[in-house]
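# An overview of the molecular structure
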Amino acid sequence: MVNGQARMGFIAIVLFGLTFVSAVAGGLMVAGFAFFAGILAFPARSVMEFRREAPWEAIAAGLFLAWACLSFLWSPYDRPDLVWKLAFGVPAYAAFAMAMAQLDGRWKTRAEAALMFTTIALGLFFVSESITGGAGTLSFKLAVEGGAPVGADLQDLVNKSLGHGAAVMILLAGPAGALAWREGGPMIGLIILALAALTAFGFSTEINIVALFAAIIAASIAYMRPRGFLSALFGLVAGTFIVVPLTLPGLIGALPDSLLDSLPTSWVMRLEIWEYTSDQLGERLWAGWGLDASRVLGGPAEIRGVSFDLLPLHPHNAALNVWLETGGFGAMLLAFALVMIGGRVAGAPRLSRLQAASIAWVVTVHTVLIMGSYGVWQDWLLASVAIAIGGCSFLGARGRN
């Protein structure tokens, strides 16, 4: 057990350090690091416990992943990259989070310190980049990457990279801030949240701001009503995957022209993308178009003199993305898995108020990000969520709740 603790604890510390490097560089590398960390820190003890009690929530999630991967067989997209990322990457990310739940003693303390240090360091970096207009990232892109590709705006690329990395920092800020608060450093916890707020407002990434404020509200409610609110939160997210694709076209159609005219062009473009995606659902309602079909569907469109693609890689809405590619059957499998997971989390015997608040924070940030901006399958974001959930596992009550 001692050797296992040392192995998992050391891997956690290394991964948290590599997460800092990944987030500074835009977040994309974190998936590969988390994949190897999950394999190397594989929690054999937890797997052995499955003999006594079947992990029904994990089985439900596995069925959804299996269906999503199987749907590639009828997808018009011909590259199976995403199949391998989901089939092997997601279980590895989950294995890392499970390994963190097994840590105890001095290695757990060291991992907690590494998580807090990583989050604070990321916050300081992003705040400095926000103040300087991304000077560090801009210098790197000019000196190492040779600037922007032809036709691309360099500052937009800088903001996009920093916005991705900022999302990683905001995810980690919840559990890191709660850890600092629990260990008697409420001021440090507040500093972490303040750094997350300053980070969210940088780099012209509005979805990070929405995610931050939604997470603050959710975490506050979860702290007051931990079990009841977590059950409701997971149920709400599950219901979103069922209800949104069915109701969104009607909601968009009901918007008055005066309101549409007052919206920024980027928002109107997003509404057009959602409306087009919703129209495609009816053609393959139950089985969907297949995994990664979003990459080849779509077509050119123009709004207010601005040309864009009606489906640019993904619809920027997780509910539409899941239903479009895996159909109503896949959406129901995912909703069922989320309800099962929520029940297990809310019923955990060692669930503490701070742990409930940090879980609500991570779930809310991730949900807002994938419902309004990022793709539901993006491996760097899934890996970041697993790392943040690993941080949440440190916050369980030391005795009975």
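Now for a quick tour of the structure. The model shown is predicted, which means the values in this text are computed figures rather than measured ones.

## Details of the overall build of the protein chain
- Of regular secondary structure, the protein chain possesses 16 helices and 2 strands.
- Taking 401 residues into account, the globule formula puts the C-alpha radius of gyration at 21 Å, and the protein chain, at 21 Å, falls close to it.
- Oriented by its inertia axes, the alpha-carbon framework of the protein chain measures out at about 60 × 50 × 40 Å.
- Expressed as a percentage of its 401 residues, the buried residues of the protein chain come to 52%.
- A fraction of 81% describes how many contacts in the protein chain between residues 6 or more apart in sequence connect residues 24 or more apart.
- On the protein chain, roughly 18200 Å² of surface is accessible, and the fraction owed to carbon and sulfur atoms is 68%.

## Side note on helix H4 (residues 56-70)
- For H4, spanning 15 residues, the distance from its first C-alpha to its last is 21 Å, which sits close to the expected 21 Å at 1.5 Å a residue.
- When H4 is considered as a whole, its buried residues turn out to be Glu57, Ala60, Phe64, Leu65, Trp67, Ala68 and Cys69.
- Packed against the buried residues of H4 are helix H5 (81-102) and helix H14 (318-346).

## Quick word on the packing of H4 against H14
- Relative orientation of the contacting elements H4 and H14 amounts to 170°, with a least axis distance of 8 Å. Taken as axis vectors, H4 and H14 run roughly antiparallel relative to one another. Across the interface between the two elements, Trp56, Glu57, Ala60, Ala61, Leu63, Phe64, Trp67 and Ala68 of H4 pack against Val322, Thr326, Phe329, Gly330, Leu333, Leu334, Phe336, Ala337, Met340, Ile341 and Arg344 of H14.
- Taken together, the residues of the contact of H4 with H14 sort by class into 15 nonpolar, 2 polar and 2 charged.

## Topic: the pattern of salt bridges
- Taken as a whole, this structure holds 6 salt bridges when the rule is applied.
- Here Asp81 and Arg79 are joined by a salt bridge, their closest N and O atoms 2.9 Å apart.
- The class of Arg79 is partly exposed, set by a relative accessible area of 46%.
- Residues Arg295 and Asp292 are paired through a salt bridge, measuring 3.3 Å at the closest nitrogen-oxygen approach.

## A look at the nonpolar core
- Counting residues in hydrophobic clusters, the biggest one holds 124 residues, and the most contacted among them are Phe16, Phe241, Trp361 and Trp377.
- When residues of this core are assigned to their parent elements, the largest contribution, 14 residues, is made by helix H8 (residues 154-182).
- Beyond its immediate sequence surroundings of up to four residues, Phe16 is in contact with Phe96, Ala111, Ala114, Leu115, Thr118, Ile387 and Phe394.

What counts, and where the lines are drawn
Residues numbered from 1 in each chain as written. Predicted model: local features only at pLDDT ≥ 70, side-chain atom pairs only at ≥ 80, totals over all residues. Heavy atoms only, no water. Helix = DSSP H or I, 4+ residues; strand = E, 2+ residues; numbered from the N terminus. Rg over C-alpha atoms; globule rule 2.2 N^0.38 Å. Buried < 20%, exposed > 50% of the residue type's maximum accessible area, 1.4 Å probe, protein only. Contact = heavy atoms within 4.5 Å. Areas by Shrake-Rupley, 256 points an atom, 1.4 Å probe, with all protein chains shown as cover. Expected span 1.5 Å × (residues − 1). Axes fitted to C-alpha atoms, helices over the stretch in contact; angles between N-to-C directions. Parallel < 35°, antiparallel > 145°, perpendicular 65-115°, else oblique. Nonpolar A, V, L, I, M, F, W, Y, C, P; charged D, E, K, R; others polar. Salt bridge = Lys/Arg side-chain N within 4 Å of Asp/Glu carboxyl O. Core = buried A, V, L, I, M, F, W, Y, C linked by side-chain atoms within 4.5 Å.

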